[in-house]
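Analysis of the macromolecular model
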Amino acid sequence: MRIAVFVSGGGTNLQAIIDRIKEGYLSDIEIGLVLSSSPDAYALTRAADNGIPAVVMRAKDYPSFEEWDQSVLDAVSDAGCELIVLAGYLSLLGPLTVKKFSNRIINIHPALIPSFCGEGMYGIRPHVAALARGVKVSGATVHFVNEEYDSGPIILQKTVNVLSDDTPEILQQRIMKECEQVILPEAIRLIADGKVTIENNIAYVKD
Ligand code: GAR
């Protein structure tokens, strides 16, 4: 299965996918395209280092949001990708792309949805909010993407304990390493194996 990975920043989740492909866990997966919302994303260097085609597509560089949306859709379709993986992608997708790739877009969120999610809850912010609330566990969620922020069917979640001396940065790093980089490749594996179905906005994962 060929996938497109959308990025905005460091690309540690992209790297985790690349590493799992190399190690064989995702040996039948090919990254056909990396699409970045920023020309400065280090994820672009990771793509170049691994010979993966990459493009920067920012809505502000297009005459209209609709034309940007259509161009994103064309780029993914032209690359022959069947699944879009949002791996730290911080822009909102356009409605054409979301509709065309209905149930074929997944996102990694750095908190346990429905906590600490929604508009504006990205990057370090969910961790700041989790510590401010005093939660004792946090983690990450892989979910399908629909028209609303972080509200599509949940595929996988993984938790870590929150420790008394955690800072948002320390918690963020632990969740990235122990949760995000584990469940994002796992969700791709499950989808490629046809083990994920959706009914009434609930995702069911076969053992
Ligand atoms: C990750 O923590 C990811 O969960 C988060 O951005 C970071 C990107 O890291 N995504 C969101 O907050 C989306 N709401 P990366 O570029 O190193 O993979």
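As a further point, take helix H2 (residues 42-49). Where H2 is concerned, the buried positions are Ala43, Leu44, Arg46 and Ala47. Taken down its axis, H2 places every buried residue within 160° of arc, on the same side. Projecting away from the buried face of H2 at angles above 90 degrees are the exposed residues Ala48 and Asp49. Among the residues trailing H2, Gly51 stands out with phi positive, at a value near 65°.

Let's shift gears to the site of the ligand. Close to the ligand lie 16 residues; Gly11, Thr12, Asn13, Gly123 and Glu180 are nearest. Within the side chain of His109, a nitrogen or oxygen atom sits 3.5 Å from a nitrogen atom of the ligand. In this structure, an oxygen atom belonging to the ligand sits 2.9 Å away from a main-chain N or O atom of Gly123. Relative to its unbound accessible area of 450 Å², the ligand is 91% covered by the protein chains.

Below, the discussion takes up the pairing of strand S6 (residues 137-144). Of all eight residues in S6, seven are buried, a share of seventy percent or more. Direction of pairing for strand S5 (residues 105-109) relative to S6: antiparallel, over a ladder of four bridges. Within S6, the position partnered with His109 by the bridge is Thr141.

This part takes up helix H5 (residues 125-133). Burial in H5 covers these residues: Pro126, His127, Ala129 and Ala130. Across the axial projection of H5, the buried residues extend over an arc of 160°, all falling on one side. With its phi angle positive at about 75°, Gly134 sits one or two positions after the end of H5.

This brings us to the environment of Leu156. Inspection of the secondary structure puts Leu156 in strand S7 (residues 154-161). In this structure Leu156 comes out as buried when scored by relative accessible area, which is 14%. Expressed as a C-alpha distance, the spacing of Leu156 and Cys179, which sit 23 residues apart in the sequence, is 10.0 Å. In this structure, Leu156 is in contact with Ala140, Thr141, Val142, Ile183, Glu186, Ala187 and Leu190, ignoring residues within four places of it in sequence.

Within the fold, Cys117 resides in the loop between S5 and H5. A relative accessible area of 24% means that Cys117 is categorised as partly exposed. C-alpha separation for the pair Cys117 and Asp150, spaced 33 residues apart in sequence, amounts to 6.3 Å. Residue contacts for Cys117: discarding those within four places in its chain leaves His109 and Asp150.

Here is what the cut-offs are and how they apply
Residues numbered from 1 in each chain as written. Predicted model: local features only at pLDDT ≥ 70, side-chain atom pairs only at ≥ 80, totals over all residues. Heavy atoms only, no water. Buried < 20%, exposed > 50% of the residue type's maximum accessible area, 1.4 Å probe, protein only. Helix = DSSP H or I, 4+ residues; strand = E, 2+ residues; numbered from the N terminus. Arc of directions from axis to C-beta. Near = heavy atom within 4 Å. Polar contact = N/O pair within 3.5 Å; in protein donor to acceptor, adjacent residues only side chain to side chain. Areas by Shrake-Rupley, 256 points an atom, 1.4 Å probe, with all protein chains shown as cover. Pairing = 2+ DSSP bridges. Contact = heavy atoms within 4.5 Å.

Honestly, that's just the spatial picture; any functional story needs more than this.
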